[in-house]
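A structural walkthrough
The chain contents come next:
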Amino acid sequence: LVSPPEEDWLIRLDMGSMSDRPELLWLHAAFVWFVVVAVTWLLYDAHQDFLERRFTWLKNIPGSQATTILLENIPNHLRSDAALEDYFQGPNGVFMRDSKIVQNAYIVRRTKTLRKKWDAMQDTRKALDLATNRSEGAGSAPAEVVEALGESLKRQSEEVVRERAIVEKGVEVKDIHVCAPCGFVTFSSALWQRLALKESFRADRTELVVSMPPDPDDVVYENLMDNVARSFVWFCLGWLCLVGVFLFWSPVVVFISSWTTLSTIRENVPWANHLLDSSAQVFPWFPAFLEGVLATAALRLFLAFLPFILFNIIRTFFPVKAGAAAQYRLSRWYFAFLLIFVLLVTTLGRGLVVTATTIADNPSAVINLLATWLPRSSHFYFNYMIFGWTTLTWELIRVANLTKYWFYRVLYKSHVEQAKRQCEPEDEASFGLGSRMGIASLMSAMTLVCCTVSPLIMVFAIVYFAIGRITYGYLLVHAETKKPDLGGLFWMEAVQQVFFILALFVLLMTGVLAGQGKRYMSGPAAVAFSASLALYAMWYRINSFEWETLPLEQMAAASHAREEPTERERQGEYRQAECGMGA
(Lines give C-alpha, C1' and ligand atoms only; values in the text may rest on other atoms or scores of the structure.)
Protein backbone atom coordinates (compact mmCIF):
# COMPACT_ATOMS: atom_id res chain seq x y z
CA LEU A 1 0.00 0.00 0.00
CA VAL A 2 1.12 3.54 -0.65
CA SER A 3 -0.12 6.79 0.77
CA PRO A 4 -2.59 8.72 -1.37
CA PRO A 5 -1.07 11.32 -3.68
CA GLU A 6 -1.22 14.94 -2.61
CA GLU A 7 -3.67 15.93 -5.35
CA ASP A 8 -6.15 13.22 -4.38
CA TRP A 9 -9.34 15.13 -3.45
CA LEU A 10 -10.51 12.29 -1.21
CA ILE A 11 -7.72 13.04 1.23
CA ARG A 12 -9.40 16.33 2.08
CA LEU A 13 -12.14 14.38 3.84
CA ASP A 14 -9.70 12.32 5.93
CA MET A 15 -8.31 12.91 9.37
CA GLY A 16 -4.86 13.38 7.88
CA SER A 17 -5.93 16.76 6.48
CA MET A 18 -6.49 18.06 10.03
CA SER A 19 -2.86 18.08 11.11
CA ASP A 20 -2.98 21.88 11.22
CA ARG A 21 -6.27 21.90 13.16
CA PRO A 22 -5.52 19.97 16.38
CA GLU A 23 -8.66 21.31 18.08
CA LEU A 24 -10.74 19.17 15.68
CA LEU A 25 -9.23 16.06 17.25
CA TRP A 26 -11.63 16.60 20.15
CA LEU A 27 -14.47 16.34 17.66
CA HIS A 28 -13.14 12.99 16.48
CA ALA A 29 -12.86 11.79 20.08
CA ALA A 30 -16.49 12.76 20.67
CA PHE A 31 -17.47 10.97 17.47
CA VAL A 32 -15.84 7.78 18.79
CA TRP A 33 -18.25 7.96 21.72
CA PHE A 34 -21.13 8.63 19.35
CA VAL A 35 -20.29 5.59 17.19
CA VAL A 36 -19.96 3.27 20.22
CA VAL A 37 -23.19 4.46 21.85
CA ALA A 38 -25.22 4.53 18.63
CA VAL A 39 -24.10 1.11 17.37
CA THR A 40 -24.48 -0.65 20.73
CA TRP A 41 -27.90 0.92 21.29
CA LEU A 42 -29.11 -0.22 17.87
CA LEU A 43 -27.60 -3.64 18.60
CA TYR A 44 -29.42 -3.80 21.92
CA ASP A 45 -32.72 -2.86 20.29
CA ALA A 46 -32.25 -5.48 17.56
CA HIS A 47 -31.31 -8.07 20.19
CA GLN A 48 -34.68 -7.58 21.90
CA ASP A 49 -36.40 -8.39 18.61
CA PHE A 50 -34.14 -11.41 18.24
CA LEU A 51 -35.10 -12.75 21.67
CA GLU A 52 -38.78 -12.64 20.74
CA ARG A 53 -38.07 -14.48 17.51
CA ARG A 54 -35.82 -16.97 19.30
CA PHE A 55 -38.42 -17.81 21.93
CA THR A 56 -41.09 -18.16 19.25
CA TRP A 57 -38.79 -20.53 17.38
CA LEU A 58 -38.14 -22.58 20.53
CA LYS A 59 -41.89 -22.87 21.13
CA ASN A 60 -42.50 -24.11 17.60
CA ILE A 61 -39.48 -26.29 16.79
CA PRO A 62 -40.74 -28.60 14.04
CA GLY A 63 -40.63 -32.36 14.13
CA SER A 64 -39.12 -34.45 16.88
CA GLN A 65 -36.28 -31.97 17.52
CA ALA A 66 -38.36 -30.32 20.27
CA THR A 67 -38.49 -33.53 22.33
CA THR A 68 -35.14 -35.19 21.52
CA ILE A 69 -31.72 -35.12 23.17
CA LEU A 70 -28.34 -36.08 21.74
CA LEU A 71 -26.19 -38.32 23.93
CA GLU A 72 -22.43 -38.66 23.42
CA ASN A 73 -19.86 -41.01 24.93
CA ILE A 74 -22.44 -43.63 25.87
CA PRO A 75 -21.02 -46.53 27.97
CA ASN A 76 -20.75 -49.91 26.23
CA HIS A 77 -23.52 -51.59 28.25
CA LEU A 78 -26.05 -48.98 27.05
CA ARG A 79 -25.18 -49.14 23.35
CA SER A 80 -28.40 -50.58 21.99
CA ASP A 81 -31.80 -49.11 21.30
CA ALA A 82 -33.53 -51.19 23.97
CA ALA A 83 -30.89 -50.61 26.66
CA LEU A 84 -30.88 -46.87 26.06
CA GLU A 85 -34.68 -46.71 26.29
CA ASP A 86 -34.73 -48.74 29.51
CA TYR A 87 -32.13 -46.43 31.04
CA PHE A 88 -34.56 -43.49 30.96
CA GLN A 89 -37.99 -45.04 31.57
CA GLY A 90 -39.53 -47.73 33.73
CA PRO A 91 -39.29 -48.22 37.50
CA ASN A 92 -35.54 -48.82 37.22
CA GLY A 93 -34.89 -45.90 34.91
CA VAL A 94 -33.18 -42.70 35.97
CA PHE A 95 -36.51 -40.82 35.97
CA MET A 96 -38.32 -43.66 37.83
CA ARG A 97 -41.53 -43.35 35.84
CA ASP A 98 -43.79 -46.28 35.03
CA SER A 99 -45.49 -44.36 32.25
CA LYS A 100 -44.01 -44.29 28.77
CA ILE A 101 -41.95 -41.13 28.64
CA VAL A 102 -39.58 -42.29 25.86
CA GLN A 103 -41.06 -42.58 22.41
CA ASN A 104 -37.92 -43.73 20.65
CA ALA A 105 -34.24 -44.45 21.36
CA TYR A 106 -31.67 -44.80 18.61
CA ILE A 107 -27.99 -45.73 18.78
CA VAL A 108 -25.92 -44.42 15.88
CA ARG A 109 -24.70 -47.33 13.74
CA ARG A 110 -21.25 -47.71 12.24
CA THR A 111 -22.31 -48.40 8.66
CA LYS A 112 -19.17 -48.15 6.54
CA THR A 113 -20.03 -51.16 4.35
CA LEU A 114 -23.76 -50.46 4.33
CA ARG A 115 -23.18 -46.83 3.44
CA LYS A 116 -21.09 -47.72 0.39
CA LYS A 117 -23.83 -50.04 -0.89
CA TRP A 118 -26.49 -47.44 -0.12
CA ASP A 119 -24.63 -44.72 -2.01
CA ALA A 120 -24.12 -47.02 -5.00
CA MET A 121 -27.84 -47.80 -5.01
CA GLN A 122 -28.72 -44.10 -4.91
CA ASP A 123 -26.37 -43.39 -7.83
CA THR A 124 -28.04 -46.13 -9.85
CA ARG A 125 -31.47 -44.80 -8.96
CA LYS A 126 -30.42 -41.32 -10.08
CA ALA A 127 -29.08 -42.66 -13.38
CA LEU A 128 -32.31 -44.58 -13.97
CA ASP A 129 -34.33 -41.46 -13.23
CA LEU A 130 -32.31 -39.46 -15.76
CA ALA A 131 -32.73 -42.19 -18.36
CA THR A 132 -36.50 -42.52 -18.00
CA ASN A 133 -37.74 -39.02 -17.09
CA ARG A 134 -36.85 -37.05 -20.19
CA SER A 135 -38.54 -33.97 -21.64
CA GLU A 136 -41.06 -34.19 -24.47
CA GLY A 137 -39.56 -34.68 -27.91
CA ALA A 138 -36.24 -35.87 -26.51
CA GLY A 139 -36.94 -39.52 -27.09
CA SER A 140 -36.28 -42.29 -24.61
CA ALA A 141 -33.01 -43.87 -23.66
CA PRO A 142 -32.13 -47.26 -25.23
CA ALA A 143 -34.28 -50.02 -23.77
CA GLU A 144 -31.26 -52.17 -22.93
CA VAL A 145 -29.78 -49.31 -20.87
CA VAL A 146 -32.98 -48.84 -18.89
CA GLU A 147 -33.33 -52.60 -18.36
CA ALA A 148 -29.71 -52.93 -17.19
CA LEU A 149 -30.12 -50.05 -14.75
CA GLY A 150 -33.34 -51.57 -13.42
CA GLU A 151 -31.70 -54.95 -12.83
CA SER A 152 -28.72 -53.30 -11.16
CA LEU A 153 -31.01 -51.29 -8.89
CA LYS A 154 -32.93 -54.41 -7.87
CA ARG A 155 -29.73 -56.31 -7.08
CA GLN A 156 -28.27 -53.42 -5.09
CA SER A 157 -31.51 -53.04 -3.12
CA GLU A 158 -31.34 -56.67 -2.06
CA GLU A 159 -27.71 -56.21 -0.97
CA VAL A 160 -28.68 -53.17 1.10
CA VAL A 161 -31.48 -55.11 2.84
CA ARG A 162 -29.11 -57.97 3.72
CA GLU A 163 -26.39 -55.66 5.01
CA ARG A 164 -28.94 -53.70 7.01
CA ALA A 165 -30.10 -56.88 8.72
CA ILE A 166 -26.49 -57.62 9.73
CA VAL A 167 -26.14 -54.15 11.23
CA GLU A 168 -29.40 -54.44 13.20
CA LYS A 169 -28.33 -57.82 14.54
CA GLY A 170 -25.12 -56.24 15.80
CA VAL A 171 -27.13 -53.53 17.58
CA GLU A 172 -29.19 -56.16 19.41
CA VAL A 173 -26.07 -57.81 20.87
CA LYS A 174 -24.32 -54.43 21.56
CA ASP A 175 -21.47 -55.11 19.16
CA ILE A 176 -18.97 -52.28 19.68
CA HIS A 177 -17.93 -52.56 16.03
CA VAL A 178 -21.49 -51.65 15.02
CA CYS A 179 -22.76 -49.48 17.89
CA ALA A 180 -21.26 -45.99 18.02
CA PRO A 181 -20.88 -44.05 21.30
CA CYS A 182 -23.64 -41.58 20.35
CA GLY A 183 -27.39 -41.83 20.22
CA PHE A 184 -30.72 -40.00 20.27
CA VAL A 185 -33.57 -40.28 22.76
CA THR A 186 -37.00 -38.85 21.87
CA PHE A 187 -39.30 -38.16 24.82
CA SER A 188 -43.07 -37.86 24.94
CA SER A 189 -42.97 -34.13 25.76
CA ALA A 190 -40.64 -31.14 25.63
CA LEU A 191 -40.66 -30.88 29.44
CA TRP A 192 -38.91 -34.25 29.75
CA GLN A 193 -36.38 -33.12 27.15
CA ARG A 194 -35.71 -29.93 29.12
CA LEU A 195 -35.20 -31.92 32.33
CA ALA A 196 -32.78 -34.29 30.61
CA LEU A 197 -30.78 -31.42 29.10
CA LYS A 198 -30.10 -29.95 32.54
CA GLU A 199 -29.06 -33.20 34.26
CA SER A 200 -25.70 -34.91 34.79
CA PHE A 201 -26.44 -38.62 34.58
CA ARG A 202 -23.04 -40.00 35.57
CA ALA A 203 -20.39 -39.19 38.17
CA ASP A 204 -17.94 -39.05 35.26
CA ARG A 205 -19.11 -35.98 33.36
CA THR A 206 -17.39 -37.16 30.18
CA GLU A 207 -19.98 -39.98 29.92
CA LEU A 208 -23.53 -39.48 28.68
CA VAL A 209 -22.94 -35.90 27.63
CA VAL A 210 -26.32 -34.36 26.77
CA SER A 211 -26.98 -31.62 24.23
CA MET A 212 -29.68 -30.22 21.97
CA PRO A 213 -29.84 -32.20 18.71
CA PRO A 214 -29.54 -30.58 15.29
CA ASP A 215 -32.22 -30.71 12.63
CA PRO A 216 -32.98 -34.39 11.81
CA ASP A 217 -32.25 -33.83 8.11
CA ASP A 218 -28.95 -32.06 8.79
CA VAL A 219 -27.19 -34.52 11.12
CA VAL A 220 -23.66 -35.56 10.09
CA TYR A 221 -23.77 -39.13 11.37
CA GLU A 222 -20.22 -39.88 10.25
CA ASN A 223 -18.88 -37.52 12.94
CA LEU A 224 -20.94 -39.29 15.61
CA MET A 225 -19.31 -42.66 14.99
CA ASP A 226 -15.82 -41.92 16.40
CA ASN A 227 -14.87 -42.29 20.03
CA VAL A 228 -13.61 -39.39 22.16
CA ALA A 229 -9.89 -40.18 21.76
CA ARG A 230 -10.09 -40.41 17.97
CA SER A 231 -12.14 -37.21 17.76
CA PHE A 232 -9.54 -35.39 19.88
CA VAL A 233 -6.72 -36.51 17.56
CA TRP A 234 -8.61 -35.25 14.52
CA PHE A 235 -9.38 -32.03 16.39
CA CYS A 236 -5.66 -31.40 16.98
CA LEU A 237 -4.86 -32.16 13.35
CA GLY A 238 -7.51 -29.65 12.32
CA TRP A 239 -5.87 -26.94 14.37
CA LEU A 240 -2.51 -27.75 12.81
CA CYS A 241 -4.07 -27.37 9.37
CA LEU A 242 -5.52 -23.98 10.33
CA VAL A 243 -2.13 -22.81 11.56
CA GLY A 244 -0.57 -24.06 8.32
CA VAL A 245 -3.11 -22.14 6.24
CA PHE A 246 -2.43 -19.02 8.29
CA LEU A 247 1.35 -19.28 7.84
CA PHE A 248 0.98 -19.88 4.11
CA TRP A 249 -1.61 -17.13 3.52
CA SER A 250 0.22 -14.32 5.32
CA PRO A 251 3.23 -13.89 3.00
CA VAL A 252 1.07 -14.37 -0.10
CA VAL A 253 -1.34 -11.60 0.95
CA VAL A 254 1.56 -9.26 1.72
CA PHE A 255 3.12 -10.16 -1.65
CA ILE A 256 -0.12 -9.35 -3.49
CA SER A 257 -0.51 -6.07 -1.58
CA SER A 258 3.01 -4.97 -2.52
CA TRP A 259 3.03 -6.13 -6.16
CA THR A 260 -0.29 -4.55 -7.15
CA THR A 261 0.91 -0.95 -6.70
CA LEU A 262 1.79 1.13 -9.75
CA SER A 263 5.18 2.05 -8.31
CA THR A 264 6.15 -1.62 -8.08
CA ILE A 265 4.80 -2.34 -11.56
CA ARG A 266 6.71 0.61 -13.05
CA GLU A 267 9.89 -0.49 -11.33
CA ASN A 268 9.78 -4.16 -12.36
CA VAL A 269 7.88 -4.04 -15.69
CA PRO A 270 9.74 -1.58 -17.99
CA TRP A 271 7.25 -1.64 -20.84
CA ALA A 272 4.40 -0.71 -18.44
CA ASN A 273 5.86 2.79 -17.94
CA HIS A 274 5.21 3.87 -21.51
CA LEU A 275 1.75 2.28 -21.54
CA LEU A 276 0.72 3.96 -18.27
CA ASP A 277 2.11 7.33 -19.29
CA SER A 278 0.30 7.19 -22.63
CA SER A 279 -2.97 6.22 -20.95
CA ALA A 280 -2.60 8.98 -18.37
CA GLN A 281 -2.30 11.60 -21.11
CA VAL A 282 -5.67 10.57 -22.56
CA PHE A 283 -7.37 9.56 -19.29
CA PRO A 284 -5.70 11.27 -16.30
CA TRP A 285 -7.76 9.26 -13.86
CA PHE A 286 -6.76 5.89 -15.34
CA PRO A 287 -3.57 5.17 -13.27
CA ALA A 288 -5.34 5.71 -9.94
CA PHE A 289 -8.31 3.65 -11.12
CA LEU A 290 -6.05 0.84 -12.32
CA GLU A 291 -4.14 0.69 -9.04
CA GLY A 292 -7.33 0.47 -7.03
CA VAL A 293 -8.78 -2.27 -9.22
CA LEU A 294 -5.56 -4.29 -9.32
CA ALA A 295 -5.05 -4.30 -5.55
CA THR A 296 -8.67 -5.13 -4.74
CA ALA A 297 -9.35 -7.65 -7.49
CA ALA A 298 -6.11 -9.57 -6.96
CA LEU A 299 -6.67 -9.85 -3.22
CA ARG A 300 -10.32 -10.85 -3.53
CA LEU A 301 -9.51 -13.41 -6.21
CA PHE A 302 -6.91 -15.05 -4.00
CA LEU A 303 -9.13 -14.96 -0.92
CA ALA A 304 -11.97 -16.59 -2.90
CA PHE A 305 -10.24 -19.95 -2.36
CA LEU A 306 -10.09 -19.46 1.40
CA PRO A 307 -13.67 -20.55 2.34
CA PHE A 308 -13.30 -23.75 0.29
CA ILE A 309 -10.10 -24.66 2.16
CA LEU A 310 -11.46 -23.73 5.59
CA PHE A 311 -14.75 -25.54 5.03
CA ASN A 312 -13.04 -28.76 4.00
CA ILE A 313 -10.74 -28.58 7.03
CA ILE A 314 -13.77 -28.12 9.28
CA ARG A 315 -15.74 -30.99 7.73
CA THR A 316 -12.73 -33.31 7.70
CA PHE A 317 -11.07 -32.73 11.07
CA PHE A 318 -13.58 -31.08 13.40
CA PRO A 319 -16.42 -33.25 14.79
CA VAL A 320 -19.31 -31.05 13.68
CA LYS A 321 -22.66 -32.70 14.34
CA ALA A 322 -24.57 -30.97 11.53
CA GLY A 323 -23.95 -29.26 8.22
CA ALA A 324 -25.27 -25.97 9.60
CA ALA A 325 -22.82 -26.27 12.50
CA ALA A 326 -20.00 -26.45 9.95
CA GLN A 327 -21.30 -23.23 8.38
CA TYR A 328 -21.43 -21.64 11.82
CA ARG A 329 -17.81 -22.57 12.51
CA LEU A 330 -16.83 -21.39 9.01
CA SER A 331 -18.36 -17.96 9.65
CA ARG A 332 -16.15 -17.57 12.73
CA TRP A 333 -12.90 -18.70 11.14
CA TYR A 334 -13.48 -16.99 7.81
CA PHE A 335 -14.14 -13.69 9.55
CA ALA A 336 -10.98 -14.11 11.65
CA PHE A 337 -8.86 -14.74 8.55
CA LEU A 338 -10.43 -11.88 6.62
CA LEU A 339 -9.97 -9.53 9.56
CA ILE A 340 -6.28 -10.37 9.72
CA PHE A 341 -5.44 -10.52 6.02
CA VAL A 342 -7.67 -7.75 4.67
CA LEU A 343 -8.08 -5.30 7.53
CA LEU A 344 -5.07 -5.59 9.84
CA VAL A 345 -2.36 -6.47 7.32
CA THR A 346 -3.29 -3.49 5.13
CA THR A 347 -3.75 -1.25 8.18
CA LEU A 348 -0.33 -2.09 9.59
CA GLY A 349 1.11 -1.76 6.11
CA ARG A 350 3.68 -4.54 6.40
CA GLY A 351 3.90 -8.28 6.91
CA LEU A 352 2.74 -9.84 10.16
CA VAL A 353 6.21 -11.12 11.00
CA VAL A 354 7.85 -7.73 10.49
CA THR A 355 5.13 -5.97 12.46
CA ALA A 356 5.26 -8.49 15.32
CA THR A 357 9.05 -8.13 15.51
CA THR A 358 8.79 -4.34 15.66
CA ILE A 359 6.17 -4.45 18.41
CA ALA A 360 8.18 -7.03 20.40
CA ASP A 361 11.23 -4.75 20.34
CA ASN A 362 9.21 -1.65 21.20
CA PRO A 363 5.61 -2.26 22.37
CA SER A 364 4.78 1.44 22.21
CA ALA A 365 5.51 1.37 18.45
CA VAL A 366 2.05 -0.10 17.81
CA ILE A 367 0.58 3.36 18.45
CA ASN A 368 2.80 4.91 15.80
CA LEU A 369 2.03 2.12 13.34
CA LEU A 370 -1.70 2.57 13.74
CA ALA A 371 -1.51 6.35 13.54
CA THR A 372 0.64 6.18 10.39
CA TRP A 373 -1.06 3.49 8.34
CA LEU A 374 -4.78 3.61 9.15
CA PRO A 375 -5.47 6.98 7.43
CA ARG A 376 -3.40 5.90 4.41
CA SER A 377 -5.06 2.51 3.96
CA SER A 378 -8.64 3.80 4.08
CA HIS A 379 -8.59 4.41 0.31
CA PHE A 380 -7.90 0.72 -0.23
CA TYR A 381 -11.10 -0.06 1.68
CA PHE A 382 -13.03 2.31 -0.58
CA ASN A 383 -11.99 0.19 -3.56
CA TYR A 384 -12.65 -3.07 -1.68
CA MET A 385 -16.16 -1.93 -0.75
CA ILE A 386 -17.01 -0.74 -4.26
CA PHE A 387 -15.68 -3.96 -5.77
CA GLY A 388 -18.05 -5.77 -3.40
CA TRP A 389 -20.99 -4.19 -5.23
CA THR A 390 -20.13 -6.21 -8.34
CA THR A 391 -19.64 -9.48 -6.46
CA LEU A 392 -23.06 -9.16 -4.83
CA THR A 393 -24.83 -8.58 -8.14
CA TRP A 394 -22.83 -11.40 -9.71
CA GLU A 395 -24.22 -13.83 -7.14
CA LEU A 396 -27.71 -13.18 -8.47
CA ILE A 397 -26.79 -14.95 -11.72
CA ARG A 398 -25.83 -18.18 -9.89
CA VAL A 399 -23.44 -19.19 -12.66
CA ALA A 400 -22.58 -22.66 -11.32
CA ASN A 401 -26.23 -23.63 -10.79
CA LEU A 402 -27.23 -22.20 -14.15
CA THR A 403 -24.49 -24.20 -15.88
CA LYS A 404 -25.59 -27.44 -14.21
CA TYR A 405 -29.21 -26.70 -15.07
CA TRP A 406 -28.50 -26.37 -18.79
CA PHE A 407 -26.19 -29.36 -18.62
CA TYR A 408 -29.09 -31.59 -17.53
CA ARG A 409 -31.54 -29.89 -19.86
CA VAL A 410 -29.38 -30.15 -22.98
CA LEU A 411 -27.32 -33.29 -22.42
CA TYR A 412 -29.81 -35.47 -20.52
CA LYS A 413 -32.96 -33.86 -21.96
CA SER A 414 -34.41 -33.65 -18.45
CA HIS A 415 -37.69 -32.02 -17.52
CA VAL A 416 -37.55 -28.48 -16.19
CA GLU A 417 -38.44 -29.58 -12.64
CA GLN A 418 -35.95 -32.43 -12.67
CA ALA A 419 -33.12 -30.23 -14.00
CA LYS A 420 -33.89 -27.64 -11.33
CA ARG A 421 -33.73 -30.33 -8.65
CA GLN A 422 -30.43 -31.71 -9.96
CA CYS A 423 -28.66 -28.33 -10.09
CA GLU A 424 -29.32 -27.56 -6.41
CA PRO A 425 -27.90 -26.73 -3.96
CA GLU A 426 -25.22 -24.09 -4.52
CA ASP A 427 -21.63 -24.60 -3.39
CA GLU A 428 -21.92 -24.67 0.40
CA ALA A 429 -18.34 -23.47 0.94
CA SER A 430 -18.33 -20.34 -1.22
CA PHE A 431 -22.04 -19.45 -1.14
CA GLY A 432 -23.16 -20.87 2.18
CA LEU A 433 -24.26 -18.90 5.23
CA GLY A 434 -20.79 -19.19 6.76
CA SER A 435 -18.86 -17.42 4.01
CA ARG A 436 -21.59 -14.82 3.51
CA MET A 437 -21.64 -13.98 7.22
CA GLY A 438 -17.85 -13.73 7.24
CA ILE A 439 -17.81 -11.25 4.36
CA ALA A 440 -20.67 -9.21 5.86
CA SER A 441 -18.78 -8.98 9.17
CA LEU A 442 -15.64 -7.88 7.33
CA MET A 443 -17.53 -5.11 5.53
CA SER A 444 -18.98 -4.01 8.88
CA ALA A 445 -15.48 -3.96 10.33
CA MET A 446 -14.17 -1.82 7.48
CA THR A 447 -17.05 0.63 7.90
CA LEU A 448 -16.76 1.01 11.66
CA VAL A 449 -12.96 1.15 11.75
CA CYS A 450 -12.75 3.83 9.05
CA CYS A 451 -15.96 5.77 9.71
CA THR A 452 -14.09 8.48 11.63
CA VAL A 453 -10.80 8.45 9.75
CA SER A 454 -12.53 8.53 6.34
CA PRO A 455 -16.27 9.26 6.72
CA LEU A 456 -16.89 8.77 2.99
CA ILE A 457 -16.71 5.00 3.48
CA MET A 458 -20.14 5.11 5.14
CA VAL A 459 -21.70 6.12 1.83
CA PHE A 460 -20.11 3.16 0.07
CA ALA A 461 -21.16 0.85 2.93
CA ILE A 462 -24.80 1.98 2.72
CA VAL A 463 -24.85 1.11 -0.98
CA TYR A 464 -23.14 -2.24 -0.33
CA PHE A 465 -25.56 -3.40 2.35
CA ALA A 466 -28.56 -2.13 0.39
CA ILE A 467 -27.48 -4.27 -2.58
CA GLY A 468 -26.81 -7.16 -0.20
CA ARG A 469 -30.29 -6.93 1.29
CA ILE A 470 -31.85 -7.12 -2.16
CA THR A 471 -29.52 -9.90 -3.34
CA TYR A 472 -29.83 -12.24 -0.39
CA GLY A 473 -33.49 -11.39 0.14
CA TYR A 474 -34.15 -12.76 -3.33
CA LEU A 475 -31.74 -15.70 -3.23
CA LEU A 476 -32.70 -17.07 0.19
CA VAL A 477 -36.45 -16.67 -0.27
CA HIS A 478 -37.06 -17.33 -3.96
CA ALA A 479 -34.07 -19.05 -5.58
CA GLU A 480 -32.06 -21.27 -3.22
CA THR A 481 -33.15 -24.36 -1.34
CA LYS A 482 -34.21 -23.90 2.28
CA LYS A 483 -31.32 -24.03 4.74
CA PRO A 484 -31.45 -25.81 8.13
CA ASP A 485 -32.49 -23.41 10.88
CA LEU A 486 -30.14 -23.00 13.86
CA GLY A 487 -32.54 -20.66 15.61
CA GLY A 488 -30.31 -17.59 15.78
CA LEU A 489 -26.76 -18.91 16.37
CA PHE A 490 -25.48 -16.80 13.50
CA TRP A 491 -27.01 -13.71 15.08
CA MET A 492 -25.30 -14.33 18.41
CA GLU A 493 -21.98 -14.88 16.65
CA ALA A 494 -22.49 -11.66 14.69
CA VAL A 495 -23.23 -9.75 17.91
CA GLN A 496 -19.95 -10.88 19.46
CA GLN A 497 -18.10 -9.98 16.27
CA VAL A 498 -19.59 -6.48 16.23
CA PHE A 499 -18.47 -5.92 19.82
CA PHE A 500 -14.99 -7.10 18.89
CA ILE A 501 -14.98 -4.74 15.91
CA LEU A 502 -16.03 -1.83 18.12
CA ALA A 503 -13.26 -2.66 20.60
CA LEU A 504 -10.80 -2.69 17.70
CA PHE A 505 -12.25 0.62 16.49
CA VAL A 506 -11.71 2.23 19.89
CA LEU A 507 -8.14 0.90 20.03
CA LEU A 508 -7.29 2.09 16.51
CA MET A 509 -8.80 5.52 17.04
CA THR A 510 -6.92 5.85 20.32
CA GLY A 511 -3.72 5.13 18.42
CA VAL A 512 -4.55 7.55 15.63
CA LEU A 513 -5.50 10.37 18.00
CA ALA A 514 -2.42 9.74 20.13
CA GLY A 515 -0.25 9.92 17.02
CA GLN A 516 -1.91 13.16 15.91
CA GLY A 517 -1.43 14.71 19.38
CA LYS A 518 1.70 16.40 20.62
CA ARG A 519 2.20 13.98 23.47
CA TYR A 520 2.05 10.17 23.67
CA MET A 521 -1.36 10.05 25.36
CA SER A 522 -3.17 13.20 24.35
CA GLY A 523 -6.48 14.37 25.77
CA PRO A 524 -8.54 13.31 22.71
CA ALA A 525 -6.94 9.86 22.79
CA ALA A 526 -7.87 9.45 26.47
CA VAL A 527 -11.47 10.49 25.74
CA ALA A 528 -11.68 8.04 22.84
CA PHE A 529 -10.27 5.20 24.94
CA SER A 530 -12.80 5.87 27.71
CA ALA A 531 -15.53 4.81 25.28
CA SER A 532 -14.42 1.24 26.00
CA LEU A 533 -16.22 1.54 29.37
CA ALA A 534 -19.57 2.15 27.66
CA LEU A 535 -18.76 -0.66 25.22
CA TYR A 536 -18.12 -3.13 28.04
CA ALA A 537 -21.28 -2.09 29.88
CA MET A 538 -23.48 -2.77 26.85
CA TRP A 539 -21.65 -6.02 26.08
CA TYR A 540 -22.32 -7.22 29.62
CA ARG A 541 -25.98 -6.17 29.38
CA ILE A 542 -26.66 -7.98 26.11
CA ASN A 543 -24.90 -11.15 27.26
CA SER A 544 -26.94 -11.20 30.48
CA PHE A 545 -30.08 -12.27 28.59
CA GLU A 546 -30.94 -15.97 28.45
CA TRP A 547 -31.42 -17.06 24.86
CA GLU A 548 -30.33 -20.69 24.52
CA THR A 549 -33.32 -22.22 26.31
CA LEU A 550 -36.91 -21.15 26.71
CA PRO A 551 -37.79 -19.75 30.15
CA LEU A 552 -39.68 -22.38 32.13
CA GLU A 553 -42.85 -20.31 32.56
CA GLN A 554 -43.07 -19.77 28.80
CA MET A 555 -42.41 -23.45 28.11
CA ALA A 556 -45.17 -24.51 30.52
CA ALA A 557 -47.62 -22.11 28.92
CA ALA A 558 -46.67 -23.29 25.45
CA SER A 559 -47.09 -26.95 26.48
CA HIS A 560 -50.62 -26.30 27.80
CA ALA A 561 -51.61 -24.36 24.69
CA ARG A 562 -50.04 -26.80 22.22
CA GLU A 563 -52.55 -28.76 20.20
CA GLU A 564 -52.19 -32.29 18.87
CA PRO A 565 -49.20 -32.26 16.48
CA THR A 566 -49.99 -32.32 12.79
CA GLU A 567 -48.58 -34.85 10.36
CA ARG A 568 -45.97 -32.32 9.24
CA GLU A 569 -44.84 -31.73 12.82
CA ARG A 570 -44.43 -35.47 13.38
CA GLN A 571 -42.02 -35.73 10.47
CA GLY A 572 -38.30 -35.89 11.10
CA GLU A 573 -36.79 -39.02 12.60
CA TYR A 574 -33.31 -39.39 14.02
CA ARG A 575 -32.18 -42.38 12.00
CA GLN A 576 -29.48 -42.81 9.39
CA ALA A 577 -30.89 -42.92 5.86
CA GLU A 578 -29.20 -46.22 5.07
CA CYS A 579 -30.75 -47.75 8.19
CA GLY A 580 -34.32 -46.80 7.24
CA MET A 581 -36.97 -49.40 6.58
CA GLY A 582 -37.26 -48.73 2.86
CA ALA A 583 -34.64 -49.50 0.22
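Details of the structure are given in the entry above.
Okay, so let's go over this structure. Since the structure is predicted, the reported quantities are computational estimates derived from the model, not experimental observations.

1. Remarks on unusual backbone geometry
Residue P425 follows E424 across a cis peptide bond; omega there is -5°. Position of P425 relative to the elements: it lies in the loop between α15 (416-422) and α16 (433-450). Despite not being glycine, L208 shows a phi value in the positive range, around 50°. Looking at the element boundaries, L208 is found in the loop between α5 (190-197) and β4 (209-211). One non-glycine residue with positive phi stands out, namely R398, at about 55°. Within the element layout of this structure, R398 appears in the loop between α13 (365-395) and α14 (399-410).

2. As for the pairing of strand β2 (residues 102-109)
For β2, the tally of buried residues reaches six of eight residues, placing the bulk of the element in the interior. Here six bridges tie β2 to strand β3 (residues 179-187), and the two strands are oriented antiparallel to one another. When the bridges of β3 are listed, R109 appears paired with C179.

3. Remarks on the packing of aromatic side chains
All chains considered together, the criterion is met by 28 aromatic pairs. Seen in terms of ring centroids, F95 and F201 are 6.2 Å apart; in terms of plane orientation they differ by 70°. Their pairing is edge-to-face. Placement of F95 in the loop between α2 (81-88) and β2 and of F201 in the loop between α5 and β4 is noted, with a sequence separation of 106 residues between them. Here the aromatic residues Y87, F88, F95, F187, W192 and F201 are joined through ring pairs into a cluster of three or more.

4. Regarding the pattern of salt bridges
Following the criterion strictly, the structure yields 18 salt bridges and no others. E168 is the partner of R109 in a salt bridge, and the nearest nitrogen-oxygen pair spans 2.8 Å. Here the residue R109 occupies a position in strand β2, and E168 occupies one in helix α4 (residues 143-172), the gap between them amounting to 59 residues. The closest approach of N and O atoms between R398 and E424, which form a salt bridge, is 2.9 Å. Separated by 26 residues along the polypeptide, R398 in the loop between α13 and α14 and E424 in the loop between α15 and α16 bring together distant segments of the chain. On the basis of relative accessible area, R398 is assigned to the buried category, the value being 13%. Using a relative accessible area of 12% as the deciding quantity, one classes E424 as buried. One salt-bridge network, in which partners are shared between bridges, spans E395, R398, K420, E424, E426, R436, E480 and K483.

What counts and what doesn't
Residues numbered from 1 in each chain as written. Predicted model: local features only at pLDDT ≥ 70, side-chain atom pairs only at ≥ 80, totals over all residues. Heavy atoms only, no water. Helix = DSSP H or I, 4+ residues; strand = E, 2+ residues; numbered from the N terminus. Buried < 20%, exposed > 50% of the residue type's maximum accessible area, 1.4 Å probe, protein only. Pairing = 2+ DSSP bridges. Phe/Tyr/Trp six-rings, centres within 6.5 Å; stacked < 30°, edge-to-face > 60°. Salt bridge = Lys/Arg side-chain N within 4 Å of Asp/Glu carboxyl O.

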